[in-house]
Structures are given as C-alpha cells and as structure tokens.
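Architecture at a glance
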Amino acid sequence: MGATGREDQTVLIVDIDEFHRRVGLVGSYLELEWLGFKIESYGGSFRARRLPELIGFCTANPEYHIVTYTDLGRFANKNVPDKDLYFLAKGDKNPNLVLNHLINPARALVTEETICSALSVLSDLHTGDK
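Report follows, based on the coordinates. (Residues numbered from 1 in each chain as written. Predicted model: local features only at pLDDT ≥ 70, side-chain atom pairs only at ≥ 80, totals over all residues. Heavy atoms only, no water.)

Brief notes about the overall build of the chain
This is how the line gets drawn: Working definition: helices are DSSP H or I runs of at least four residues, strands are E runs of at least two. Numbering for both runs from the N terminus. Residues are treated as being in contact if the distance between any of their heavy atoms lies within 4.5 Å.
A count of helical and extended segments in the chain gives 4 helices and 6 strands. In the chain, the proportion of contacts linking residues at least 24 apart, taken out of those at least 6 apart, comes to 57%.

In structure tokens:
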C-alpha cells in the first residue's frame, strides 16, 4: 500500500535558524547587491512596491523564490500578495513551509540565555577596569 500526503498541509517551523537554513533566505545585502539589486535595507527585505522586481528576477532565475513576511513573527515560503515585506531565497521551495518563531516552546529559554550572556559580558566589562 502506498503512502499519500496532502499537498496543502502546512509545515510549521518554530526555529528561525532552521527556517532560514531550509529555505535559503538571502539575508546578506552584499549578496543582493552582487545579484543586481539596489539595496534599501541591510536586513535583505524588500517593500511591496518592489515585488514586481522580485517576481521578474525569480522568473529569470528559477533557482530563487520569494518569502513573504505575512504577520507578526510569521513568514510564508511563497509569494503572498498584498503584504508589506518580501525576501529572496535560494533553497527549499516548498510553499507549505511557514515560520512562526513566536510559538516556539523554547523561546523563553533562548531569551533567558541571551540575557544571561549579555549580563555576563557587561559584568566582565564593569569589573575589567580594576
């Protein structure tokens, strides 16, 4: 008996780094400049008015695709019309991949580790001048 899967099944990812690696998000403004884009954001994002430019680029370069920032903490691995921010990616093109890092159960631990690390560095700086 063969297995089947639903093509419209959302694959929810809660880890930002995993999503970025998997979809191959192009976040480097230097790489975007090298690809011929005029840079307006060092974070690699494109405003909605530049969506036609991204679509044209992806049509001419099918190894790339569009990722959309759809809502607070949520990214879709496809072009979602009428949104504010878009990104270029060169990785897994599965349009069912969705990132929502705000529901990551380990989010509080990551925040705690980040704060502890920052406090440790500040403590070292404060006591280092004696």
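Let's talk about the packing of aromatic side chains
The test is simple: When two rings of Phe, Tyr or Trp (its six-membered ring) have centres within 6.5 Å they constitute a pair, described as stacked for plane angles under 30 degrees, edge-to-face for angles over 60, and tilted for the intermediate range. When a residue's accessible area, from a 1.4 Å probe over protein chains only, is under 20% of the maximum for its type it is buried; when over 50% it is exposed; and in between it is partly exposed.
Summed over all chains, the structure comprises 7 aromatic pairs. Consider the rings of F19 and F75, whose centres lie 6.4 Å apart with planes at 45 degrees: the pair is tilted. Taken together, the residues span a long stretch of sequence, with F19 in helix α1 (residues 16-23) and F75 in strand β4 (residues 74-76) at a distance of 56 residues. Take F19 and F75: they sit in the same class, and that class is buried. Taking the centre distance of 5.0 Å and the plane angle of 65 degrees together, the rings of Y69 and F75 count as edge-to-face. The class for F75 is buried, based on a relative accessible area of 13%.

Overview of the nonpolar core
The nonpolar side chains of a soluble globular protein tend to be buried with one another. Stated precisely, the cut-off is as follows: By nonpolar core we mean a set of buried residues, namely Ala, Val, Leu, Ile, Met, Phe, Trp, Tyr and Cys, connected to one another through side-chain atoms within 4.5 Å.
F37, L54, Y64 and L88 are the most contacted members of the largest nonpolar core, which has 13 residues in total. Listing elements by their share of this core, those giving two or more residues are α3 (51-60) and β5 (85-89). A per-element tally of this core places α3 first, with 4 residues. Setting aside anything within four residues of it in sequence, one finds F37 in contact with L32, F46, R50, E53, L54, F57 and L88. Counting residues in hydrophobic clusters, the runner-up holds 11 residues, among them V67, F75, F87 and L99.

A few points about empty space enclosed by the protein
This is how the line gets drawn: In this analysis a 1.4 Å probe is tested at points of a 1 Å grid over the protein atoms alone, and where it fits but cannot get out there is a cavity; an open set with protein on both sides within 12 Å along at least five of seven lines is a pocket; lining residues have an atom within 4 Å of a point. Grid points are joined across faces, edges and corners, and a volume is the space filled by probe spheres set on the points. Residues are grouped as follows: Ala, Val, Leu, Ile, Met, Phe, Trp, Tyr, Cys and Pro are nonpolar; Asp, Glu, Lys and Arg are charged; every other residue, Gly included, is polar.
All told, the structure shown has 1 cavity of 30 Å³ or more when counted by the stated rule. Computed from the structure, the largest cavity encloses a volume of approximately 30 Å³. The class makeup of the residues in the lining of the largest cavity is 3 nonpolar, 3 polar and 3 charged.

Considering the pattern of salt bridges
Heads up, the condition is: We count a salt bridge whenever a side-chain nitrogen from Lys or Arg sits within 4 Å of a carboxyl oxygen from Asp or Glu.
According to the stated counting rule, one finds 4 salt bridges in the structure shown. The partner of E40 in a salt bridge is R49, with the nearest N and O atoms 2.9 Å apart. Close ionic contact of E40 with R50 constitutes a salt bridge, the shortest N to O distance being 3.7 Å. Highlighted residues: E40 in the loop between α2 (29-34) and β2 (46-47) and R50 in the loop between β2 and α3, separated in sequence by 10 residues. Linked through salt bridges whose partners overlap, the residues forming this network are E40, R49, R50 and E53.

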